[in-house]
Amino acid sequence: MFIGREKELSIIENRINSNRFEFGILYGRRRIGKTTLLKQIVKSKNALYFVANSMGLEYNLKQLSQSIAAYFNEPITFEDFESIFKYLAKRSHDQKIIFILDEFTYLMDSNDKILTIIQNSIDQYLIDTSVCLIISGSHVGMIEDALTYQKPLYGRSTFKLKLEAFDYYEASKFYPNVTSIDKIRLYSVFGGVPFYISRIDPNQSVRDNIINLIIETGAIFEDEINFFLSQEVRSQSSYGRILNAIASGSTRVNEISTKAGNIPSGQLVSYLNVLINLGIIEKDICFGSNDQSRKTLYRIKDPLFRFHYTFIERNKSQKAIMNASLFYDQYIETKLDEFIALEFEIIAQRFLIIKHSGQLERIGRYWANDARARIDIEIDIVASIKDKLIAYECKWTNSPVDLQIVNQLREKAKYLSIENLGFFSKNKFTADVYKTNYLLYTIDDLYSSLINI
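What comes next concerns the included structure.

## A short note on helix 12 (residues 224–232)
Turning to helix 12, its buried residues number three or more, namely E224, I225, F228, L229 and E232. Buried residues along helix 12 cover an arc of 130° about the axis, so they all sit on one side. Check the buried side of helix 12 and you find it contacts helix 10 (194–197), helix 13 (236–247) and helix 16 (303–312).

## What to know about the environment of S384
Structurally, S384 can be placed in strand 9 (residues 375–385). With relative accessibility at 4%, the residue S384 sits in the buried group. Sequence separation between S384 and F287 is 97 residues, and the spatial gap between their C-alpha atoms is 9.7 Å. Among the polar contacts listed, one links the side chain of S384 to the side chain of E361, at a separation of 2.6 Å.

## A closer look at the layout of surface pockets
Of the pockets and cavities examined, the second largest pocket occupies roughly 600 Å³. Every residue lining the second largest pocket is counted, 24 residues in all, and those nearest its centre are R31, G33, K34, T35 and T36. Elements supplying a minimum of two residues to the lining of the second largest pocket: helix 2 (34–44) and helix 10. Counting residues per element, the lining of the second largest pocket draws most heavily on helix 2, which supplies 7 residues. Among the residues forming the lining of the second largest pocket, the class breakdown is 10 nonpolar, 6 polar and 8 charged.

## Let's talk about empty space enclosed by the protein
Under the counting rule described, the total for this entry stands at 1 cavity of 30 Å³ or more. If you add up the space inside the largest cavity, you get close to 30 Å³. What lines the largest cavity is simply I214, F221, I225, L304, F307, H308 and I312. Here the lining of the largest cavity takes 4 residues from helix 16, the largest share from any one element. Looking at the lining of the largest cavity residue by residue, the classes come out as 6 nonpolar, 1 polar and no charged.

## Section: the sheet that holds strand 5 (residues 159–162)
Strand order in the open sheet made by the 5 strands is 2-3-4-1-5, with parallel pairing throughout. At either margin of the open sheet sits one strand with a lone partner, and together these are strand 2 (48–51) and strand 5. Adjacent strand axes in the sheet meet at a mean angle of 10°, parallel and antiparallel pairs treated alike. As defined by bridge partners, strand 2 adjoins strand 3 (residues 98–102) across 4 bridges and the pair is classed as parallel. Within strand 3, the residue paired with F50 across the bridge is L101. Helix 1 (residues 6–16) rests against strand 1 (22–27), strand 3, strand 4 (132–137) and strand 5 of the sheet, and its axis sits at about 160° to strand 5.

## Side note on the environment of N212
In this fold, N212 is placed in helix 11 (residues 206–215). The class of N212 is partly exposed, set by a relative accessible area of 36%. C-alpha of N212 to C-alpha of E222: the two residues are 10 residues apart in sequence and 9.4 Å apart in space. Not counting residues up to four positions away in its chain, the partners in contact with N212 are Q204 and A219.

## Things to note about the packing of helix 13 against helix 16
The interhelical angle for the contact between helix 13 and helix 16, taken along N-to-C directions, is 80°, at an axis separation of 9 Å. In terms of their interaxial angle, helix 13 and helix 16 are classed as roughly perpendicular. In this structure, helix 13 contributes G240, L243, N244 and A247 to the contact, and helix 16 contributes F305, Y309 and T310.

## A word on the packing of aromatic side chains
Across all of its chains, the model carries 24 aromatic pairs by this definition. Summarising the aromatic geometry, the rings of Y71 and F72 are spaced 4.8 Å apart at their centres and angled 85° between planes, so their arrangement reads as edge-to-face. On the basis of relative accessibility, which here comes to 10%, the residue F72 falls in the buried class. Seen in terms of ring centroids, F307 and F311 are 5.0 Å apart; in terms of plane orientation they differ by 55°. Their pairing is tilted. Pair noted here: F307 and F311 are both in helix 16, with a separation of 4 residues, about one helical turn. You'll find F307 and F311 in the same group, each marked buried. Ring-pair connections join several aromatic residues into one group, and the members of that group are Y71, F72, F78 and Y87. We note R306 situated over the ring of F339; from NZ or CZ to the ring centre the distance is 3.8 Å.

## Points about the nonpolar core
Soluble globular proteins tend to bury their nonpolar side chains together. Within the largest apolar cluster, 136 residues are counted, with the highest numbers of intra-cluster contacts made by F190, I210 and I214. It is helix 19 (residues 336–355) that contributes the most residues to this core, 9 residues altogether. The contact partners of I214, leaving out residues within four places of it in the chain, are V189, F190, N209, A219, F221, E222, L304, F307, I312 and K319. If you look at the next biggest cluster of nonpolar residues, it comprises 21 residues, including I377, A391, V406 and I418.

## With respect to the side chain of E224
Relative to the elements of secondary structure, E224 occurs in helix 12. Among the residues examined, E224 registers a relative accessible area of 2% and is labelled buried. For E224, the side chain forms a polar contact with the side chain of R31, separated by 3.0 Å. Within the structure, the side chain of E224 is placed 2.9 Å from the side chain of Y196, a separation counted as a polar contact.

The rules we used
Residues numbered from 1 in each chain as written. Predicted model: local features only at pLDDT ≥ 70, side-chain atom pairs only at ≥ 80, totals over all residues. Heavy atoms only, no water. Buried < 20%, exposed > 50% of the residue type's maximum accessible area, 1.4 Å probe, protein only. Helix = DSSP H or I, 4+ residues; strand = E, 2+ residues; numbered from the N terminus. Arc of directions from axis to C-beta. Contact = heavy atoms within 4.5 Å. Polar contact = N/O pair within 3.5 Å; in protein donor to acceptor, adjacent residues only side chain to side chain. 1 Å grid on protein atoms, 1.4 Å probe; cavity = no way out; pocket = protein on both sides within 12 Å on 5 of 7 lines; lining within 4 Å. Points joined across faces, edges and corners; volume = space filled by probe spheres on them. Nonpolar A, V, L, I, M, F, W, Y, C, P; charged D, E, K, R; others polar. Pairing = 2+ DSSP bridges. Axes fitted to C-alpha atoms, helices over the stretch in contact; angles between N-to-C directions. Parallel < 35°, antiparallel > 145°, perpendicular 65-115°, else oblique. Phe/Tyr/Trp six-rings, centres within 6.5 Å; stacked < 30°, edge-to-face > 60°. Lys NZ or Arg CZ within 6 Å of the ring centre and 35° of its normal. Core = buried A, V, L, I, M, F, W, Y, C linked by side-chain atoms within 4.5 Å.

Take a look at the structure:
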């Protein structure tokens, strides 16, 4: 069953329905759902679809020739890729041609001239046709580099889409009938990568899903993180140390460098940028600061990666010898709510972005140090909505939010020009808090309030 991607599907279909030449580039990290999206297009359109492989350019040329011959029901072979594009341009005079070339980066790996071949084919044969050519690839860095200035494909694409992981609300469509609390828990562990969340069994508990999908020997995601890194980066050990450092609480460049084995700062920043492009980590910039601010921290963005480096990697010796259920109970169960609490803040922030779309100007976490009072100030979320600053506190605890928590946020809000306060609570609010005029959101509100948006 195809779930989500309505916006991306609409963009691609609109381009396909165009009467002019279209050249689209679809890319994103592994497991993100590129092929599933393209197959959905193939289902509804009469498209020529080919998946490249790592067998080399000549092998792929032969296989593609056979696919084209079968598609047009014509005994034809091609000596090179340029001949293929010339042929498709000719056939487009009689019918709409949609050519989807999936896993294109395999062709780039085998012959770097393929980019020039496509450039020449566009300029000479395709530009004045109604052909819709779509290429797709998983190596994010390779695709983005191919689109840079002075590279053959620069300026040739008419649209490009980088697929990102689903947010918490979109991910919940994969398990719509579980409780709101379990939706938060599942997202906090498995995130929003379609391949990951499609394996969740909504009829099982969160505990059993974690055990069966991650912890058990031979589980589908037991080696997922190591496999992903082995496919995407060259120095797997260096990236692993960096992620382990961040998961351990090192969030600044100098801290990460020290914890990861004194990686030089310039090299470290390069590694961090790769992980950002892959959607594995992200910058956490203090509210009110710009992208170049020194008040920038790094956090693991992908929940499954954060779960792995928080619970699995640091306890891998114990995991190797312990029963899966016992390992969960001893090393995960007691710390899972603390782990989810951080993701709960990100989810609340995303909720506000969706709810106030078109009105939201800035949003982020705020932190500062009051040297005179010798205290650190941290506010979970500060949002600028219609020129008004609102401070939010997020509480993933078994106790309801009470007036003490309200007063604490009110005190911290004095450091900014805050005009209102808001609260997100796992376990609702005390009666006296309900009597206030503050913005109060329960776990159920995170889902029910967005149904008609």
